[in-house]
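Architecture and fold: a report
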Amino acid sequence: MPMKGMRSLCFHSKTSSYSFSPNSSPSSRPSDSTRPIPRSSSFSLDSAMIDQSIEAAAALITKWNPDSSSYANVTSLFYESKAEAMQFIHRVNNLQKAMHALVSDNSSSSDKLVQAHKLMQIAMKRLQKEFYQILSMNRAHLDPESVSARSSRASTRSSISDYEEDDDDDVRPAGASIEEVEEVSSIAMADLRSIAECMISSGYAKECVSIYKIIRKSIVDEGIYRLGVEKLSSSLINKMDWEVLELKIKNWLDAVKISMRTLFTGERILCDHVFSSSDSIRESCFTEISKQGATILFSFPEVVAKSKKSPEKIFQVLDMYTAISENWPEIESIFSFDSTASVLSQAITSLIRLGESVRSMLSDFESAIQKDSSKSLVHDGGVHPVTLQAMNYLSLLADYSNILGDIFTDWPHPAKSSLPESYFDSPQFDESPTTAISMRIAWLILVLLCKLDGRAKHYKDVSLSYLFLANNIQHVVSTVRTSNLQYLLGEDWISKHETKVRQFAAKYERLAWGKVIASLPENPTAKISSAEAKEIFRKFNSSFEEAYLKQGMLVVSDPNLRDEMKVSIATKLEPVYQKFYDKYRPISERGERNARLYVKFSPEDVGNYLSDLLFGTIKSIDWGSSPSSSSSSSHRRRDQSRR
């Protein structure tokens with residue numbers, strides 16, 4: 001029976017690993033010849049070979065016994081002589097075979113077995129010390145970034161070498177430095193693997209794994225800390241100023257990118273390499289090393305999603321959703337063990353909560369538009385601040401169309417009964433994710449347009465209400481056409497709303513300038529009396545002056561729409577007035593000392609005054625000069641304003 005305090009040791013044939021009951025380091029094990037020996041593949045050794053294996057092992061193990069030699073205590077076997085280190089591993093393996101042979105011969109109580117046990121304990125203590133030293137002294141070369149980068153470069157080195165050129169002398173020093181680092185990293189990884197395989201096969205897996213977990217977990221935990229990731233509660237986040245939280249979100253976004261590409265990837269590569277001989281050990285090591293840090297990393301978005309919501313925070317939430325989604329293949333690959341399933345679960349939970357948060361904030365955005373109760377009007381008929389803010393918001397959202405497509409896939413479309421029937425005529429909507437977000441964006445714009453329509457009704461001047469609608473819908477259309485919204489809403493949607501702009505612009509023109517246009521005869525060259533001509537000039541003067549002074553302070557923000565509207569008005573006025581002016585001005589002024597009372601505007605004056613419209617500024621009308629001088633004065637005003 002084993003002595004009291006000795007650990008029982010169970011061999012797992014599938015993984016060549018052992019499980020131990022808790023105890024201390026190898027040096028504390030009793031040198032009991034009856035200690036169970038791990039089984040290995042069947043082999044047969046004669047007595048001479050057993051003696052030779054024990055003697056050869058004894059010579060090298062004793063030489064490197066840290067308790068009996070100050071030199072061995074302060075010197076690293078693997079750094080001093082790699083050849084001797086490999087010989088040490090080889091002789092320990094042979095010693096293990098000799099011990100198996102002794103046990104199989106029912107010689108477990110022999111002096112040879114007791115001696116072999118003692119030698120094995122000394123050897124394991126030496127290897128345990130070497131394992132610790134290699135891990136500690138190579139922290140810089142075994143950091144996750146170096147390991148992951150080495151793995152990536154190794155997979156592409158062959159293809160890159162095919163394209164090397166003769167003029168790369170400047171690159172070679174840097175390349176040589178990288179190769180040096182990679183070589184040191186490769187050597188350290190190979191040494192760790194050799195020691196781990198030897199210790200595991202000898203039944204000392206626990207000591208090896210314990211050292212590895214302690215050192216490597218500290219590296220991962222330090223990496224997470226340096227990336228600015230910390231465990232935060234919802235109550236703490238709710239107390240933060242938005243600027244502080246925004247900075248933490250930015251740090252988290254950087255942390256996810258780095259941790260997936262280097263930190264956890266490198267740690268998984270290293271763990272898989274060092275413990276390649278045992279699936280169960282490499283899984284347990286990686287899980288204990290990375291699980292806590294990864295859980296903290298992926299729980300942060302969930303906490304943010306549960307915090308107080310406001311529409312302006314949606315873009316940071318979408319950034320976090322995008323980060324997890326885009327890195328999902330790596331997340332799933334790195335944390336593929338059953339024991340790390342909780343990390344995947346946390347990442348999925350965060351995705352769900354972030355999606356819910358986005359939907360909630362978009363609902364709040366819609367409500368904010370609908371509930372906006374400000375009574376202020378845009379007095380020049382220009383674009384309302386709500387339109388500017390809403391369209392800027394939606395255009396930024398369109399940049400996340402793919403992610404939003406995922407989020408809105410299972411969210412109900414707006415009820416058709418609440419939308420104009422014509423909206424569903426074109427484009428044809430199906431059930432695809434793109435359509436889901438297209439429907440949602442189109443609905444939000446419709447809510448905005450309905451709100452604008454309600455505001456337009458507050459204008460006492462109906463023509464101004466139509467100009468207001470034309471300006472605002474034009475801004476909506478322009479924003480859609482110049483952003484990713486165009487791909488979500490489509491050309492049909494844009495064309496329909498451009499038609500609405502033209503309709504409102506035409507209504508504005510009819511109401512604002514209809515009286516001026518109606519003051520001129522349909523047939524400007526038809527024969528009329530001098531008195532009738534004077535009356536037409538009088539009505540035109542009065543209506544044009546009134547319209548100009550009233551409409552001159554209004555604005556059309558979009559230059560193309562402004563030009564179209566001015567051209568439309570000028571086309572209806574200038575040709576008719578020109579013909580009437582040419583024929584009846586001489587008749588009207590004949591014999592009149594105050595001809596200016598009848599003919600106040602020349603055709604050039606009319607054109608110049610019309611060209612000054614819709615900029616939001618007005619110029620005074622000069623009544624003191626003759627029509628020709630008035631024309632010249634107007635030209636000067638235009639030239640000066642352009643300069």
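Cut-offs applied
Residues numbered from 1 in each chain as written. Predicted model: local features only at pLDDT ≥ 70, side-chain atom pairs only at ≥ 80, totals over all residues. Heavy atoms only, no water. Helix = DSSP H or I, 4+ residues; strand = E, 2+ residues; numbered from the N terminus. Buried < 20%, exposed > 50% of the residue type's maximum accessible area, 1.4 Å probe, protein only. Contact = heavy atoms within 4.5 Å. Areas by Shrake-Rupley, 256 points an atom, 1.4 Å probe, with all protein chains shown as cover. Core = buried A, V, L, I, M, F, W, Y, C linked by side-chain atoms within 4.5 Å. Phe/Tyr/Trp six-rings, centres within 6.5 Å; stacked < 30°, edge-to-face > 60°. Axes fitted to C-alpha atoms, helices over the stretch in contact; angles between N-to-C directions. Nonpolar A, V, L, I, M, F, W, Y, C, P; charged D, E, K, R; others polar. Parallel < 35°, antiparallel > 145°, perpendicular 65-115°, else oblique. Left-handed = near helix turned anticlockwise from the far one by under 90°. Salt bridge = Lys/Arg side-chain N within 4 Å of Asp/Glu carboxyl O. Lys, Arg positive; Asp, Glu negative; His and termini not counted. pLDDT = per-residue confidence, 0-100. Expected span 1.5 Å × (residues − 1). Polar contact = N/O pair within 3.5 Å; in protein donor to acceptor, adjacent residues only side chain to side chain. Disulfide = S-S within 2.5 Å.

1. Some points on the overall build of the protein chain
Of the regular secondary structure elements, the protein chain holds 23 helices and 2 strands. Here the protein chain holds 643 residues, and 48% of them are scored as buried. If you take every contact in the protein chain between residues at least 6 apart in sequence, the share linking residues at least 24 apart comes to 81%. For the protein chain, the exposed area adds up to about 31,500 Å²; of that, 52% sits on carbon and sulfur atoms.

2. Let's talk about the nonpolar core
With 175 residues, the main nonpolar core has F131, F275, F335, W513 and F544 as its most contacted residues. Here this core takes 13 residues from helix α17 (residues 433-456), the largest share from any one element. With near-sequence residues (within four places) excluded, F335 lies in contact with M260, F264, R268, F286, S290, A294, F298, T340, V343 and L344.

3. A word on the packing of aromatic side chains
Counting across every chain of the model gives 25 aromatic pairs. Summarising the aromatic geometry, the rings of W64 and Y71 are spaced 5.8 Å apart at their centres and angled 40° between planes, so their arrangement reads as tilted. Taking the relative accessible area as the measure of exposure, W64 reaches 1% and is therefore buried. For Y71, a relative accessible area of 41% translates into the label partly exposed. Between F286 and F335, the ring centres sit 5.8 Å apart and the planes meet at 40°, which makes this aromatic pair tilted. Residue F286 is found in helix α11 (residues 279-306), and its partner F335 is found in the loop between α13 (328-334) and α14 (341-371); the two are separated by 49 residues along the sequence. Per residue, the accessibility class of F286 equals that of F335, and both read buried. The rings of W513, F537, F540, F544, Y548, Y577, F580, Y581, Y584, F601 and Y609 are connected pair by pair, giving a single aromatic cluster.

4. A look at the packing of helix α19 (residues 485-518) against helix α20 (residues 530-551)
Taken N-terminus to C-terminus, the directions of α19 and α20 make an angle of 145°; their axes are 7 Å apart at the nearest point. Facing α19, whose interface residues are Y508, A512, W513, K515 and V516, α20 presents F540, S543, F544, E546, A547, Y548 and Q551. Classifying every residue of the contact of α19 with α20 gives 8 nonpolar, 2 polar and 2 charged.

5. Topic: the packing of helix α10 (residues 242-274) against helix α12 (residues 314-326)
At a minimum axis distance of 10 Å, the contact between α10 and α12 shows a crossing angle of 15°. Taken together, the axis directions place α10 and α12 in an arrangement best described as roughly parallel. As α10 packs across α12, the resulting crossing turns out to be left-handed. Taking contact as the criterion, the partners of W242, E246, I249, W252, L253 and V256 in α10 are, on α12, Q316, D319, M320, A323 and I324. Per-class residue counts for the contact of α10 with α12 are 8 nonpolar, 1 polar and 2 charged.

6. Considering the pattern of salt bridges
Taken as a whole and assessed by the stated rule, the structure comprises 26 salt bridges. With a shortest N-O distance of 2.9 Å, E222 and R226 are connected by a salt bridge. Of the two residues, E222 and R226 are both situated in helix α8 (residues 205-226); the distance of 4 residues between them amounts to about one turn of the helix. Note that R282 is salt-bridged to D272, the shortest N-O span being 2.8 Å. In this pair, R282 sits in helix α11 while D272 sits in helix α10, placing the two residues 10 residues apart along the sequence. Classification of R282 by relative accessible area gives buried; the value is 19%.

7. Brief notes about the side chain of E366
Note on placement: E366 falls in helix α14. Of the side chains bearing the opposite charge, R440 lies closest to the buried E366, which forms no salt bridge; the N-O distance is 4.5 Å. Leave out the neighbours within four places in its chain, and E366 touches R440, W443, L444 and V447.

8. Considering the confidence of the model for the protein chain
Per-chain confidence: the protein chain averages 81 in pLDDT, with 77% of residues scoring 70 or above. Below a pLDDT of 50 lies the segment residues 1-37, which in the model reaches 100 contacts outside its immediate sequence neighbourhood of four places, other chains included. Across residues 153-178, where pLDDT falls below 50, the model places 4 contacts with residues more than four positions away in sequence or in other chains.

9. Concerning the environment of F286
A relative accessible area of 0% means that F286 is categorised as buried. For the pair formed by F286 and K213, sequence separation is 73 residues and the distance between their alpha carbons is 8.2 Å. What F286 contacts, discounting residues up to four positions off in sequence, is F264, E267, R268, C271, K291, I334, F335, F337 and T340.

10. Let's talk about unusual backbone geometry
The phi torsion at L614 lies on the positive side, around 65°, for a residue other than glycine. Along the polypeptide, L614 turns up in the loop between α22 (603-611) and α23 (627-642). Overall, L614 belongs to the buried group, its relative accessible area being 1%.

11. Here we look at helix α18 (residues 462-481)
It helps to recall that an α-helix has 3.6 residues per turn; residues three or four apart then point in one direction. With 20 residues, α18 extends 29 Å from end C-alpha to end C-alpha; this agrees with the ideal 28 Å at 1.5 Å per step. A large share of α18 lies buried, amounting to 16 of its 20 residues.

12. Concerning the environment of T387
For T387, the position within the fold is in helix α15 (residues 385-398). Judged by relative accessible area, T387 falls into the buried class, the value being 0%. Linking T387 and K451, residues 64 residues apart in sequence, is a C-alpha distance of 9.6 Å. Not counting residues within four places of it along the chain, the set of residues in contact with T387 comprises L448, L452, N472, H475 and V476. Polar contacts involving the side chain of T387 include one to the side chain of N472, which spans 2.6 Å.

13. Some thoughts on the state of the cysteines
Under the criterion given, the structure shown has 0 disulfides. Residue C198 stays outside any disulfide, its sulfur separated by 9.8 Å from that of C208, the closest cysteine. Considering cysteine sulfurs only, C285 is the nearest to C271, which forms no disulfide, with 4.8 Å between them. With a relative accessible area of 0%, C271 lands in the buried category.

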